[in-house]
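In case you want the letters, here they are:
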Amino acid sequence: MTEKNDFLKFLKSSIAVAALIALTIAAIFIATPPDEKHLYQASLLKSELLRTVTSPRIIIVGGSNVAFGIDSELMEQELGIPVINDGLHVALGIAPLNEIKHYLRPGDIVIISLEYYNFTDEASFYGQPQYLADWVEFSPERIWYLHEPYKQMPSIFTMMLERKVNRQLNYYLYGFSYEAGRNFYSGDLFNEHGDFIGHLGENSNKQFEIADSVYPINLIEDAYVFLEDFNQFALSNGATVFYEAQAHRQTNCERTGKKHLDRFFNRLKTKTTIPLLTNLDQLCLPDDYFYDTPYHLNAAGRRIRTERLIDSLKIALGLE
Amino acid sequence: MLFNSFHFLIFFPVVTTLYFLLPHRFRWGLLLAASCYFYMAFIPKYILILFITITVDYFAGIGLEATQGRKKKWILLASILANVGMLGFFKYFNFANENIAAFANFIDWNYPIENLSIILPIGLSFHTFQSLSYTIEVYRGHQKAERHYGYLALYVLFYPQLVAGPIERPQNILHQLHEEHRFEYQRVTDGLKWMAWGMFKKVVIADRMALFVNPIYDSPTGHDGPALVFATLAFAIQIYCDFSGYSDIAFGSAQVMGIKLMKNFQHPYFAKSISEFWRRWHISLSTWFRDYVYIPLGGNRAGARRVILNLLITFLLSGLWHGANWTFAIWGGLHGLFVALNHFIEPRWIRLRESGFAKRFSPALDALSLLSTVGLVCFAWIFFRASTLSDAFYITTHLFSGWTTFISQFFRLTQEGIRAGFWGFVSGLFASLNSITELTRSEIALSVIALIFLLYIEIKQHRGDFLARFNLKQPAIRHVSYSLLIVIILALGTLYTGVEQAFIYFQF
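Residues numbered from 1 in each chain as written. Chains lettered and ligands numbered in written order. Predicted model: local features only at pLDDT ≥ 70, side-chain atom pairs only at ≥ 80, totals over all residues.

(A) Representation of the overall build of chain B within the structure. Scanning chain B for helices and strands turns up 21 helices and zero strands. Relative to a compact globule of 508 residues, whose C-alpha radius of gyration would be 23 Å, chain B shows 25 Å and is just as compact. Taking the principal axes of its C-alpha atoms as reference, chain B extends roughly 80 × 70 × 60 Å. (Helix = DSSP H or I, 4+ residues; strand = E, 2+ residues; numbered from the N terminus. Rg over C-alpha atoms; globule rule 2.2 N^0.38 Å.)

See below:
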C-alpha cells in the first residue's frame with residue numbers, strides 16, 4: 001500500500017471515529033439536562049432579573065455571602081430602588097461580574113461584595129473550573145463571561161460532560177438527585193429578588209459545622225486591576241460601583257488577625273477608585289450571627305448586615 | 001507540557017502532521033524545535049542546562065572515539081562529572097545541606113550555609129541518565145560517537161520521553177532518528193491506540209485513585225488501619241497507572257513517527273517474586289542500574305556478602321535517584337533487602353515447586369507468590385508516597401489498628417442492607433466504604449468499574465499480543481471501541497478538578 005493510500009485510509013477511520021465520538025457525546029448532553037435541584041438553578045432567575053428589571057436598580061454581586069446575607073426586600077423598601085441579589089457561590093469568582101457587564105445600564109448601582117477568599121489565588125478569583133462548568137451548563141452563552149473563554153472552553157465542556165455522567169450515575173446509586181441530597185442547598189429556595197431564604201427558619205442550628213479557620217494572607221494583585229477596570233467600564237456606561245465587605249465571623253477575624261484584613265481593604269482603597277461602603281470597625285460580626293460557614297449569615301446576621309448596608313448607601317447616594 | 005493537557009492535544013497533531021509533510025532532511029530540526037518547545041512549557045530557562053550537558057557529551061563522545069587508554073578514562077570521567085554534577089547541584093544540594101545543618105545543630109556547631117532557592121528542573125534525573133548512557137556506551141565501544149550535534153541533542157531532548165523516560169540507550173534510538181519513516185497506517189494507528197490506552201490509565205484510573213490517596217496520605221495521623229491500607233493499595237494502582245500510562249503515551253507518540261521506544265512496564269503486579277517485579281517495573285531504569293552500577297560493582301559473580309552489598313548499594317542509589325529524601329532512600333533500601341533475600345530464597349523455592357507434592361498445589365502457590373510480592377511492594381510504597389519519615393512510620397505502625405470497628409461496621413451495614421434487598425446491600429457496601437473515604441457513590445462505583453476494565457485488559461495483554469488480535473476484529477467493532485474509549489477518557493477522566501494532574505514521575 002502506498003503512503004497516500006495509507007493516509008486516505010487513516011483519514012477515513014479518523015472521520016468515522018470522530019463522528020461516533022460526537023454522536024455519543026451529543027447523546028449524553030441531550031439525555032442529561034441540568035439538575036433542577038442544583039443551587040445554580042437560581043442563576044437562571046438572577047440572569048432573568050438582570051435582563052428584565054428596569055434601571056435604575058441596585059445589583060449586589062458576590063458569592064454566597066451575598067445570597068445568604070442580604071435582605072433585598074428590606075433594601076428595596078428602605079431605598080425605593082429595585083434590588084437584585086446576584087450573589088450565588090464563591091467558587092464562581094468574578095464570572096458573575098462579567099455577566100453583569102453585559103446587562104449594565106445607565107443609572108445602575110453595582111455593589112461588589114466578593115469573599116476575601118476570592119483574592120487569595122487566581123483560581124479563586126477567576127472561578128473554579130468545575131463550578132464554572134455547572135454554571136455554564138445552565139446557560140451555555142455564559143462561556144463568554146469566563147476570564148479566558150477560548151482557552152477555557154475545551155476544559156469547561158469536558159468537565160461538563162464528566163459531571164453529567166457522574167450526576168446520572170449518582171442518580172442511579174442514590175435513587176435521587178445528588179444535589180437533592182444536599183438538603184437546603186437547593187436552587188428553588190430563592191425569593192423573587194434572588195435572596196437565598198432556605199436557611200432563615202432554621203436559626204443557626206448548624207454553627208457547630210463552622211471551622212475556626214485562618215484566612216490565607218497572600219493576596220493576588222490582578223484582582224485590584226480587574227476591579228478597577230470593571231469600575232471604569234461601569235462609569236463609562238453611566239453606572240456606579242461600590243464595594244461592600246463580606247461579614248466576617250469574629251473568631252475567624254481574630255485568628256487571622258484584623259491587621260491582615262485591614263491590609264486587604266487598604267490595598268483596595270489605594271489600588272482602585274471604588275468607594276468602600278463598609279465601616280471597617282464593624283467588619284467582624286459575633287459568631288452567633290452565622291449559620292453554617294464563616295460566610296453565611298443567619299436571619300439575625302442578615303438583618304444587621306442589610307441595615308448597615310442601607311445606612312451606608314443612603315449616605316453614599318445622598319438619600320438622607 | 002503535560003500529555004494530559006489541551007496544550008498537548010494541539011501540539012501533537014500539529015507536530016506530527018508537519019513531521020510527515022517535511023522532507024526527511026528537515027525532520028530532525030522540526031523534532032528538536034518541538035522538543036525544546038515542549039520542555040520550555042515548564043521553565044524555559046532550564047533548557048540551557050540540557051544544552052550544556054549535550055554540548056559536553058557531544059565533544060566527549062567524539063573525544064572518546066578518538067582516544068585510547070588513560071586519556072579516554074579522563075574524558076569519560078569529565079562527562080560523568082558534568083552530568084552528575086548538574087544533577088547533584090539541582091537535586092541533592094539542599095538535601096545534603098539540610099542533613100549537614102541538622103547534624104551541625106546536633107553538635108552545637110553554627111553551620112552558616114543556607115539552602116538554595118532553586119526549583120528542580122523537570123525530568124532532570126531522566127535526561128541526565130540518558131545522557132550518561134550515551135557517553136558510557138561510546139566509551140565501551142557499543143555506540144559510535146554522533147557527529148551531528150542536532151541528532152545528539154534530539155536523542156536527549158526527544159519530547160515523548162524527555163521528562164519521564166523511558167531512559168533510552170543510544171543503540172536503540174540514535175539510528176532510528178536518522179532513518180526515514182513513512183506514514184504507515186497500521187503503525188500510526190497502533191501508536192494512537194497506545195496513547196489512548198495510556199491516557200485512560202492516567203486520567204481515568206491514576207487521577208481517580210489520587211482522590212482516595214491524597215486526603216489520607218496528606219494527613220495520615222487522623223486515620224486508622226483500614227483507611228491506611230486502602231489508601232496504600234490505591235496508591236499502588238495509582239503509581240502504576242500514572243507511570244505506565246505516561247510510558248504508553250510516550251511509546252505511542254514516538255511510534256506514530258516511526259520511532260520504537262523500549263517498553264517500560266510488563267504488568268509488574270503479575271510478578272511472582274520481587275526480582276521478577278523489577279524485571280517488569282520501570283524496566284529502562286532497572287536495566288540502567290543493572291548495566292551501569294550493579295554489574296560494574298561485581299554483580300552476582302562475587303560471594304554472597306558482596307552480592308548483598310551490591311544489591312543494597314544499587315537499590316539505595318535507585319531510591320535516591322527518585323528523590324532527595326530519606327523516605328526514598330528507605331524505599332530503595334527495602335527493595336534492596338527484598339531482592340537480596342529473594343536472591344537466596346528463590347532457588348530453594350523453585351526446587352520446592354518442582355517437587356511432586358508442591359506441583360499439585362501449583363495455582364495456590366502461584367497465588368501466594370503473587371500476593372506476597374504485591375504485599376511487599378505495597379509496604380515499600382508507603383515510604384515512597386509518605387511526605388515525611390514520621391508520616392511513614394505512623395502509617396506502618398497503624399496498619400493493623402481499627403480493623404475490629406471497621407469489620408463489625410461493615411457486617412452491620414451490609415446485613416442491614418441485605419434485609420432491604422440487593423440495592424440495600426449495595427447501599428450498605430457504599431456506607432461502609434464511606435466510613436474510610438468521603439467520596440460520593442459515583443466516584444467509588446466508577447473507580448470499581450474502571451479497575452475491573454483495567455484488570456481485564458491487563459490480563460489479555462499479559463496472555464499475548466492483545467493489540468494484534470484486536471486489530472483483526474471487524475472495523476465497525478474497532479471504531480466503536482476506540483470511540484467509546486475516548487468518550488470514557490473525556491467523561492470519566494478526573495478532569496473536573498480543574499487542575500491538570502502532573503505525572504508523579506515528572507518530579508524526578
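(B) Highlighting unusual backbone geometry. Following Ser55(A), the chain continues to Pro56(A) via a peptide bond in cis, the omega torsion being 0°. By the element assignment, Pro56(A) lies in the loop between helix 2 (42-52) and strand 1 (58-62). A positive phi angle, close to 60°, is found at Asp108(B), a residue other than glycine. For Asp108(B), the position within the fold is in the loop between helix 4 (69-106) and helix 5 (124-140). On the basis of neighbour counts, which here come to 6 C-beta atoms within 10 Å, the residue Asp108(B) falls in the exposed class. Residues other than glycine seldom take positive phi values, yet His267(B) does so here, at roughly 50°. Positionally, His267(B) belongs in the loop between helix 9 (225-256) and helix 10 (274-280). Residue class for His267(B) comes out partly exposed when judged on the 15 C-beta atoms lying within 10 Å of it. (Buried ≥ 20, exposed ≤ 12 C-beta atoms within 10 Å, placed from the backbone.)

(C) How the structure looks around the sheet that holds strand 1 of chain A. Residues and elements named next belong to chain A. Taking strand neighbours across the sheet as the criterion, the four strands line up as 2-1-3-4 in an open arrangement whose pairing is parallel. Pairing within the sheet leaves two strands with one partner each, and these edge strands are strand 2 (83-85) and strand 4 (240-243). Sheet twist, expressed as the average angle between the axes of neighbouring strands with direction ignored, equals 20°. In this structure, strand 3 (residues 109-113) lies alongside strand 4, joined through four bridges in parallel fashion. By the bridge assignment for strand 4, Ile-111 is matched with Phe-242. In the packing of helix 9 (residues 222-236) onto the sheet, contacts are made with strand 3 and strand 4, and the angle to strand 4 comes to roughly 150°. (Pairing = 2+ DSSP bridges. Axes fitted to C-alpha atoms, helices over the stretch in contact; angles between N-to-C directions. Contact = placed C-beta atoms within 7 Å.)

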